[in-house]
Amino acid sequence: IQCPDLAPGTPLSIRSYRGDFRSNFLDTVMGDPAPGVFTLDRTESGQGMVLLDGAERLAMFRSPHVPSQPAVRGDRIAILATGLGPDAVKDRLQVVIGGAVTPVESMETSIPGIWRIVVKVPDEAPFGDAVPLRLVLNLSGGRRLESNLVTVAIEDDQ
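Throughout, residues of each chain are indexed from 1 in the direction in which the sequence is written. Only residues with pLDDT of at least 70 get local features here, since the model is predicted, and only at 80 or more are side-chain atom pairs given and counted; chain-wide, interface and lining totals rely on the full set of residues. Here the side-chain values reflect all heavy atoms present in the structure, with hydrogen atoms and water set aside.

Peer 1: Lay out the overall build of the protein with the relevant residues and their values.
Peer 2: Helix and strand definitions here come from DSSP, where helices need a minimum of 4 consecutive H or I residues and strands a minimum of 2 consecutive E residues; each element is numbered from the N-terminal end. On a plain count of helices and strands, the protein comes out with 0 helices and 13 strands. Across its three principal axes, the protein shows a C-alpha extent of roughly 60 × 40 × 25 Å. Residues classed as buried in the protein amount to 37% of the 158 residues present. Counted over contacts in the protein with a minimum sequence separation of 6, partners at least 24 positions apart contribute 56%. Counting every atom, the protein has about 9,400 Å² of accessible surface; 51% of that belongs to carbon and sulfur. By the counting scheme adopted, Arg and Lys are positive, Glu and Asp are negative, and His together with the chain ends is not counted. By convention, the charge on Lys lies at NZ, on Arg at CZ, on Asp at CG and on Glu at CD. Each charge sign in the protein was given a centre, from 15 positive and 20 negative side chains, and these centres are 4 Å apart. Buried, partly exposed and exposed residues are distinguished by accessible area as a fraction of the type maximum, computed with a 1.4 Å probe on protein chains only: under 20%, between the cut-offs, and over 50%, respectively. Any two residues whose heavy atoms approach within 4.5 Å at even a single point are treated as in contact. Under the convention used here, a 1.4 Å probe and the Shrake-Rupley method define accessible areas, while residue burial counts only the protein chains that appear.

Peer 1: Give me the nonpolar core: which residues, what numbers.
Peer 2: Counting residues in hydrophobic clusters, the biggest one holds 30 residues, and the most contacted among them are Ile77, Ile79, Val95, Ile97, Ile117, Leu133 and Leu135. Contributing elements (two or more residues each) for this core: strand 6 (50–52), strand 7 (76–82), strand 8 (93–97), strand 9 (100–111), strand 10 (114–120), strand 11 (128–138) and strand 13 (150–154). Ranked by the residues each element gives to this core, the list is headed by strand 11, at 4 residues. Here leucine 133 is in contact with Val37, Ile77, Ile79, Val95, Val96, Ile97, Asn148, Leu149, Val150 and Val152, once residues within four sequence places are set aside. Among the buried residues, those of types Ala, Val, Leu, Ile, Met, Phe, Trp, Tyr and Cys that are joined through side-chain atoms within 4.5 Å form a nonpolar core.

Peer 1: How would you explain the environment of glutamine 158 if you had to name every residue and give the values?
Peer 2: Within the secondary structure, glutamine 158 sits in the segment after strand 13. Considering only alpha carbons, one finds glutamine 158 and valine 72, 86 residues apart in sequence, at a separation of 9.5 Å.

Peer 1: Before we move on, could you go through the pattern of salt bridges and cite the residues and values that matter?
Peer 2: Any Lys or Arg side-chain nitrogen found within 4 Å of a carboxyl oxygen on Asp or Glu counts as a salt bridge. Taken as a whole, this structure holds 6 salt bridges when the rule is applied. When the shortest N-O distance is used, the salt bridge between arginine 62 and glutamate 155 registers 3.0 Å. Separated by 93 residues along the polypeptide, arginine 62 in the loop between strand 6 and strand 7 and glutamate 155 in the segment after strand 13 bring together distant segments of the chain. A cluster of three or more residues bridged by salt bridges with shared partners is formed by Arg134, Arg144 and Glu146.

Peer 1: Give me the lowdown on the pairing of strand 10, citing residues and values where you can.
Peer 2: For two strands to pair, DSSP has to find at least two bridges joining them. Bridge count between strand 7 and strand 10: 6 bridges; the pairing is antiparallel. Across the sheet, isoleucine 79 pairs through a bridge with isoleucine 117, a residue of strand 10. Strand direction decides the pairing type here: strand 9 and strand 10, joined by 6 bridges, are antiparallel. For threonine 109, the partnering residue across the bridge sits in strand 10 and is tryptophan 115.

Peer 1: An account of the side chain of asparagine 148 is needed here, citing residue identities and associated values.
Peer 2: As for its placement among the helices and strands, asparagine 148 is situated in the loop between strand 12 (144–146) and strand 13. Judged by its relative accessible area of 16%, asparagine 148 is buried. Here a polar contact is taken to be a pair of N or O atoms separated by no more than 3.5 Å, where protein atoms must pair a possible hydrogen donor with a possible acceptor and residues adjacent in sequence count only if both atoms sit in side chains. Side-chain polar atoms of asparagine 148 contact the backbone nitrogen of valine 37, separated by 2.7 Å. Of note is the side chain of asparagine 148, whose polar atom sits 3.0 Å from the backbone oxygen of glutamate 44. When residues no more than four places from it in sequence are discounted, the contact partners of asparagine 148 are Pro35, Gly36, Val37, Thr39, Glu44, Leu133 and Arg134.

Here is the structure:
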């Protein structure tokens, strides 16, 4: 189900319907945000759904089966993510690419639950077909939540 954009601890009462049939109610509370980067193969790891910003190509090794091209240092990339919670702001979110932290330039959601996070590939990012990428969400009170670890391709621009 699409989780509502509510503060952690908010009471929830969930019930499903199918035609005239109704389930029992499930009473629970909203949990903490759970950041996640979408992946090409839906495995929660492997090639991330990370696009070269302004292009419809994945930032991955060149493939005849998928529109793709490795990113280069300084490129802007768009990361498709979910689970950032109701207080998601770019100042609380970091992107770690191959160990190098890069600030978020912009983030927006046009489809409920799906964020498009734009960052610049840092000059310190390593090269390779499977460079690790993850999100770090800094909550109030000093808590940090990390997303799943996905990969992107980065090549030397020379």
